Amino acid sequence: MERLPPEITQRILSLVDLDSLTAAKLSCRSIHDAFTGAEKVITTEILRRQIDSSILPEAIAVNKSFGLNPDDVNAVATFTSEHLVARQTPPVLCSLDEALPMRRFHKYVESLAIRLSQDALATIPAPFQTSYHPFRPTPSELFRIQRALYRYQLYCNMFGTRRVEKGEKLARYATYFAQWENEQVACVQNLLLRVIAKPFNEHIDHDISCELVPYIDRDDSWEGWWILSRGLEYIHQLSIAKVFDEYKLLIRDGRGLPAMGYFFFEKFFKTRINWDLIYYRAKSARLLDLPEKYKASVFGKPFYDDPDSGPAIAWEWVYGDEYVKSGSLVASPDTLSFRLWGYVFWDSARLESSAFFRNDFQHSSSVTDLLAVYRETGRNDELND
């Protein structure tokens, strides 16, 4: 390697992963010098290979949010304007120090996305038990789960320890995403709760000091929400623990004053309603009965421009008969079975092959048209007027 031209060494370094790159640059002076001469170019090429471009904006936002003080109103406002008002284009170049934490956290996201997809696809919703044939998740489906996991972590970082009296600011977070994207986060919450329930309940069974602690056996479990509010790294470690002693160390490490997780999930799902809808609310309008311009206001602008409209169509199909009111169109208890199947993560092809839309409830064209409008305009201000 020492006799190779720096350009050849740099090209070789760009073919490894970030962990190997870290070791390689310390192996000898010639490799270190070659790496230093093109650090950002090499690192960025590897990072873009290890984290898909459709995920990278969320990964960058979450990485920056780890240093955010939730009680610093100005810092939160600045972060929101930079990362939530519009989805950011990934930076052209980044250093190794910037890339390593993103890749390390992305491993947790990848692992949990696979676990959640497996758990969800093993669940057969009652409406199509006889016709449903599961198959492996596609890359685009896994990427949807990953983006939802990043949005989940971002919410934990920004508001996980907030007090309930500040809940009105928590609910505003949901306004930066379309309703089906918020429903994706609700799916993540429901599925993660089942991931951590087994190790937590096993710990309760074996630890006499926890005899008064309730099981995680329902979706509004405060103990469960407290664990979930600790974030994905903690959840991942708990999910891969193999024996009771590992569970015990993790859960005991997390005991103490809980984060206000049992409040912030509730606040997150209290989604916004445009004031123009008051008239329609007074008439108890169903979602499917709203005029197109009001549907656009209720649906919200997608944060990610998904080329497959399946998740949006599925969400409208499930909630079409719901009456429009605050908090009624995301995380409804009545739609839990669909969320446990992860219905807003799946491609149109899976939804159609599973007979998801097999009844006579047909109104998917309006969703597709609205997505086209958003793609053309890049904003939904006119639709909210």
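Here the structure is shown first, and the text comes after it.
Heads up: these notes are all about the structure in this document. Please read these numbers as outputs of a predicted model, since none were measured by experiment.

A few words now on the side chain of His236. Positionally, His236 belongs in helix H12 (residues 232-240). Here His236 falls in the buried class, since its relative accessible area comes to 11%. Discounting residues that sit within four places of it in the chain, His236 has contacts with Tyr108, Ser111 and Leu112.

Let us look at the pattern of salt bridges. This structure, assessed with the given rule, holds 10 salt bridges. The partner of Arg350 in a salt bridge is Glu141, and the shortest N-O contact between them spans 2.8 Å. Pair noted here: Arg350 is in helix H19 (residues 348-353) and Glu141 is in helix H8 (residues 139-159), with a separation of 209 residues, a long-range link. For Asp306, the salt bridge identified is with Arg144, shortest N-O distance 2.6 Å. Here the residue Asp306 occupies a position in the loop between helix H16 (292-299) and helix H17 (310-319), and Arg144 occupies one in helix H8, the gap between them amounting to 162 residues. Across the pair, Arg144 and Asp306 agree in class, each one buried. What you see here is one network of salt bridges that share partners, running through Arg144, Asp306, Asp308 and Asp347.

With that settled, consider a nonpolar patch on the surface. A grouping of Leu4, Ile8 and Ile12 is seen on the molecular surface, where their side chains present a nonpolar patch of about 220 Å² in accessible area. Counting through the fold element by element, Leu4 comes out in the segment before helix H1 (6-13).

It is worth spelling out the nonpolar core at this point. Generally speaking, nonpolar side chains in soluble globular proteins are found buried as a group. Membership of the largest hydrophobic core comes to 91 residues, with the highest contact counts inside it found for Leu149, Leu192 and Tyr343. With residues up to four places along the chain from it excluded, the contact list for Leu149 reads Val109, Leu112, Ala113, Leu116, Val188, Leu192 and Leu232.

Overall, the coordinates contain 12 aromatic pairs when judged by the stated rule. Arranged with centres 5.0 Å apart and planes meeting at 85 degrees, the rings of Phe299 and Trp315 form a pair that is edge-to-face. In this pair, Phe299 is assigned in helix H16 and Trp315 in helix H17, connecting sequence segments 16 residues apart. Assigned by exposure class, Phe299 and Trp315 land together as buried. Both rings, one in Trp341 and one in Trp346, keep their centres 6.2 Å apart while their planes meet at 65 degrees; by these two values the pair is edge-to-face. Side by side, Trp341 and Trp346 carry an identical accessibility label, which is buried. Through successive ring pairs, a cluster of aromatic residues spans Phe66, Phe105, Tyr108 and Tyr150.

Rules behind the numbers
- Residues numbered from 1 in each chain as written.
- Predicted model: local features only at pLDDT ≥ 70, side-chain atom pairs only at ≥ 80, totals over all residues.
- Heavy atoms only, no water.
- Helix = DSSP H or I, 4+ residues; strand = E, 2+ residues; numbered from the N terminus.
- Buried < 20%, exposed > 50% of the residue type's maximum accessible area, 1.4 Å probe, protein only.
- Contact = heavy atoms within 4.5 Å.
- Salt bridge = Lys/Arg side-chain N within 4 Å of Asp/Glu carboxyl O.
- Patch = residues over 30% accessible without salt bridge, like charges linked within 9 Å, V, L, I, M, F, W, Y side chains within 5 Å.
- Areas by Shrake-Rupley, 256 points an atom, 1.4 Å probe, with all protein chains shown as cover.
- Core = buried A, V, L, I, M, F, W, Y, C linked by side-chain atoms within 4.5 Å.
- Phe/Tyr/Trp six-rings, centres within 6.5 Å; stacked < 30°, edge-to-face > 60°.

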